[in-house]
Structures are given as structure tokens and as C-alpha cells.
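# Residue-level structure breakdown
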Amino acid sequence: MDDLDAKLRRIGQQDFRAKFRLYGRDRAVVDLRGIATVRKHAEELIDRRLAPAEPYKDGRQTPYRGHPVFVAQHATATCCRTCLSRWHGIPVGRELEKAQRDYVVEVICRWIVGQYAPRTPPA
């Protein structure tokens, strides 16, 4: 188990984060489109909604349902800049660098893949 898996396990032990799971339509998106497409969606959503130094409506911009990336953002504490700072050590007030964006996308996708354990999601 690497550091990211250990961090996700710690985050998942928080009461608020532990209640998130992929169900229904959110899971169907992964089933129908595959994890590669969902990863592209995550990249686009992070670039648009989380990467700016001061995201529009930060802390209230991420819906709870409607796409597996939104559910994963809440489950992994990547939903707003405050959570990114608190849980992942990514500072507030600066635009996310490419490596930080890639990290956030990896966190989100790792959680989504974990929802399929012990199987793997569709490619």
C-alpha cells in the first residue's frame, strides 16, 4: 500500500467522507463510459472548478451527486481549496500547478477504482 492509499483510508474514516459511495446513475457513468473517460472528465472539472487561485463559489461549487467525480471529490476531500489544504497540503490562494492537478485527478480516480474492489471498473 502506498502513501496515497493510506491517506485515502484516513480521509475515509472521517464520518462525513465515509458515507460517500458510487451508486445508481453515478456508478452507471463509469460502467457506461469507462474509467478513462471519467479521468478526462475529472481533468476538465478540476481545471475549471478547482484549479484557479480563487475558484468561483469555493466550498459550495461541487454538487454532491450527478457525476462520479463530484461524489469522489467529497469522499476524498478534493471538493474545495480549504479541503485540499487541510487534507492534502495544497496551499490556498495560488493556482494549482500541473503536478497538483494531476495529483488531484489521481486521488479522485483511485477512489473511484476502489469502489469497484475487488473487481476493476470498465476501461
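Here's a quick rundown of the structure. The written sequence of each chain sets the order in which its residues are numbered from 1. With pLDDT at 70 or above as the cut-off, local features in this predicted model cover only qualifying residues; side-chain atom pairs require 80 or more to be listed or tallied, and sums for whole chains, interfaces and linings still use all residues. Derived side-chain values reflect all non-hydrogen atoms in the structure, with water molecules and hydrogen atoms excluded from consideration.

### Section: the packing of helix H4 (residues 35–49) against helix H5 (residues 68–75)
To keep things clear, this is the line we draw: Throughout, an axis means a line fitted to C-alpha atoms (over the contacting stretch in the case of helices), and angles, computed between N-to-C directions, take values from 0 to 180 degrees. Helix and strand definitions here come from DSSP, where helices need a minimum of 4 consecutive H or I residues and strands a minimum of 2 consecutive E residues; each element is numbered from the N-terminal end. Angles below 35 degrees are treated as roughly parallel, those above 145 as roughly antiparallel, those between 65 and 115 as roughly perpendicular, and all remaining angles as oblique. Two helices crossing with the near one rotated counterclockwise from the far one by less than a right angle form a left-handed crossing, whereas a clockwise rotation gives a right-handed crossing. Here, residues are in contact when the closest pair of their heavy atoms is within 4.5 Å.
At a closest axis distance of 10 Å, the pairing of H4 and H5 adopts a crossing angle of 65°. As summarised for this structure, H4 and H5 are arranged roughly perpendicular, according to the angle between their axes. The chirality of how H4 crosses H5 is right-handed. Side by side, H4 and H5 meet where Val 38, Ala 42, Leu 45, Ile 46 and Arg 49 of the first sit next to Pro 68, Val 69, Phe 70 and Gln 73 of the second.

### Considerations on unusual backbone geometry
This is how the line gets drawn: The rule is simple: take the accessible area with a 1.4 Å probe, protein chains only, and divide by the maximum for that residue type; under 20% is buried, over 50% is exposed, in between is partly exposed.
Even without being glycine, Lys 57 reaches a positive phi, approximately 55°. Inspection of the secondary structure puts Lys 57 in the loop between H4 and H5. Its relative accessible area of 42% is what places Lys 57 among the partly exposed residues. For Ala 77, which is not glycine, the phi dihedral falls at a positive 60°. Among the secondary structure elements, Ala 77 is positioned in the loop between H5 and helix H6 (81–88).

### Regarding the nonpolar core
General note: in soluble globular proteins, nonpolar side chains tend to be found buried as a group. Going by this rule: For our purposes a nonpolar core is just a set of buried Ala, Val, Leu, Ile, Met, Phe, Trp, Tyr and Cys residues, chained together by side-chain atoms within 4.5 Å.
Of all hydrophobic cores here, the largest spans 26 residues; its most connected members are Leu 22, Ile 46, Val 104, Ile 108, Trp 111 and Ile 112. Counting only elements with at least two residues in this core, the list comes to helix H3 (24–33), H4, H5 and helix H7 (98–114). At six residues, H7 tops the list of elements feeding residues into this core. Beyond its immediate sequence surroundings of up to four residues, Val 104 is in contact with Ile 46, Leu 50, Thr 78, Leu 84 and Ile 90. Judged by nonpolar contacts, the second largest core, of five residues, contains Ile 11, Ala 77, Cys 79 and Cys 80.

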